[in-house]
Amino acid sequence: MKHVLVFATAMALATPALADKWDMPTPYGDSTFHTQNISQFADEVRVATNGDLDITVHSAGSLFPHAEIKNAIRSAQVPIGEFFLSRLSNEDAAFGIDSQPFVATSYEEAAKLWDAQKPVVKALLAKQGLMPLFSVPWPAQGLYTKSEIATVDQLNGLRFRAYNAALEEFATLAGAAPVQVAAPDIAQAFSTGQVQAMITSPSTGANSSAWDFLSHFSPINAWVPKNIVVVNIAAFEALSAGNQKAVKEAATKAMARGWEMSAAEAETKTAVMAEHGMVIYQPSDALKAGLSYIGATMLETWTAKASDDAKSILDAYNK
Ligand code: PCA
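Residues numbered from 1 in each chain as written. Predicted model: local features only at pLDDT ≥ 70, side-chain atom pairs only at ≥ 80, totals over all residues. Heavy atoms only, no water.

Chemist: What is the right way to look at the site of the ligand in this model?
Modeler: Contacts to the ligand come from Tyr28, Phe84, Trp138, Gln141, Arg161, Tyr163, Ala183, Thr200, Ser201 and Thr204. Measuring from an oxygen atom of the ligand, one finds a side-chain N or O atom of Thr200 at 2.7 Å. Computed on the free molecule, the ligand has an accessible area of 260 Å², of which 99% lies beneath the protein chains in the complex. Looking at the shell around the ligand residue by residue, the class counts come to five nonpolar, four polar and one charged. (Near = heavy atom within 4 Å. Polar contact = N/O pair within 3.5 Å; in protein donor to acceptor, adjacent residues only side chain to side chain. Areas by Shrake-Rupley, 256 points an atom, 1.4 Å probe, with all protein chains shown as cover. Nonpolar A, V, L, I, M, F, W, Y, C, P; charged D, E, K, R; others polar.)

Spelled out as structure tokens, the structure:
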């Protein structure tokens, strides 16, 4: 009994000094630059708070599968996490604009689009008790296949890996059959014949050793989608003022660093694919025209579904 009391007293005394421990799930693996960036974010928060806020990154969907991460933060099962922003497009079209083909295709355009999208996304997330901390783009999305593709017709009938609803729509419009596969499962899905082609960044292509099961890559630069790091507002507000400041400052740095890492990856990972013997080819005019047509069709569907706030993103962006 005496032991228990002593222990309890010691715990009570120790409690105020106990570090806040935050778990941070991400769908992507350790070799992904986004994961490296958020690990550095966690390190910087730990240093800035003298270990008072200790964030542990759980990569590759090990804590929650991708589809559950946003709701896990919302229900405060975890205070913070990272996910692919446009996966929320089923909740509101505003979340999905960065995955519409040929709306924003360069980093410059992606930055401009995020400026227009951010206030709307912030307001939508706030309704769920969530706050965006920062958002970082993937390199522009390119086409991976087992032979050179000269026209959209040649995608007809292929089992096509998809990572969100927009890519499913894209594949369907191209006459292909979309199959949802999470990024860490890409190599297995190709080697078992579940899928035959995909659209993703040079980062994800190189990280999944695309040369083992695909031979051709075309930088069609169709869209520049983003990850977003989100916190539960109540969890954030429960932090000391000093810790809140440290999180915000580290977030600002992580955002700038992430955009730079992304741009560097676009080049280095394309080079890695070429070194492994992949054929890198520019899309033909016919392929570009076919892809643009799909993009225009998708944007019509997007606009028909979009709220006035979502549509205001495009208006601001196109100004
Ligand atoms: N990689 C992720 C999302 C976009 C990207 O470039 C993926 O393929 O799942």
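Next comes the rest of the description.
Chemist: Explain the sheet that holds strand β3 (residues 80–84) to me, please; I cannot follow it from the model alone.
Modeler: Pairing between the strands of a sheet is mediated by backbone hydrogen bonds and can be parallel or antiparallel. Spatial strand order, β3-β10-β4: three strands in an open sheet with antiparallel pairing. Of all strands in the sheet, those with a lone pairing partner are β3 and β4 (130–137), marking the two edges. Adjacent strand axes in the sheet meet at a mean angle of 25 degrees when their direction is disregarded. Across seven bridges, β4 lies against strand β10 (residues 226–232) in antiparallel orientation. Across the sheet, Ser135 pairs through a bridge with Ile228, a residue of β10. Its contacts with the sheet place helix α2 (residues 33–48) against β3, β4 and β10, and it is angled at close to 130 degrees to β4. Set on the sheet, helix α9 (residues 241–275) makes contact with β4 and β10; between it and β4 the angle comes to about 25 degrees. (Pairing = 2+ DSSP bridges. Helix = DSSP H or I, 4+ residues; strand = E, 2+ residues; numbered from the N terminus. Axes fitted to C-alpha atoms, helices over the stretch in contact; angles between N-to-C directions. Contact = heavy atoms within 4.5 Å.)

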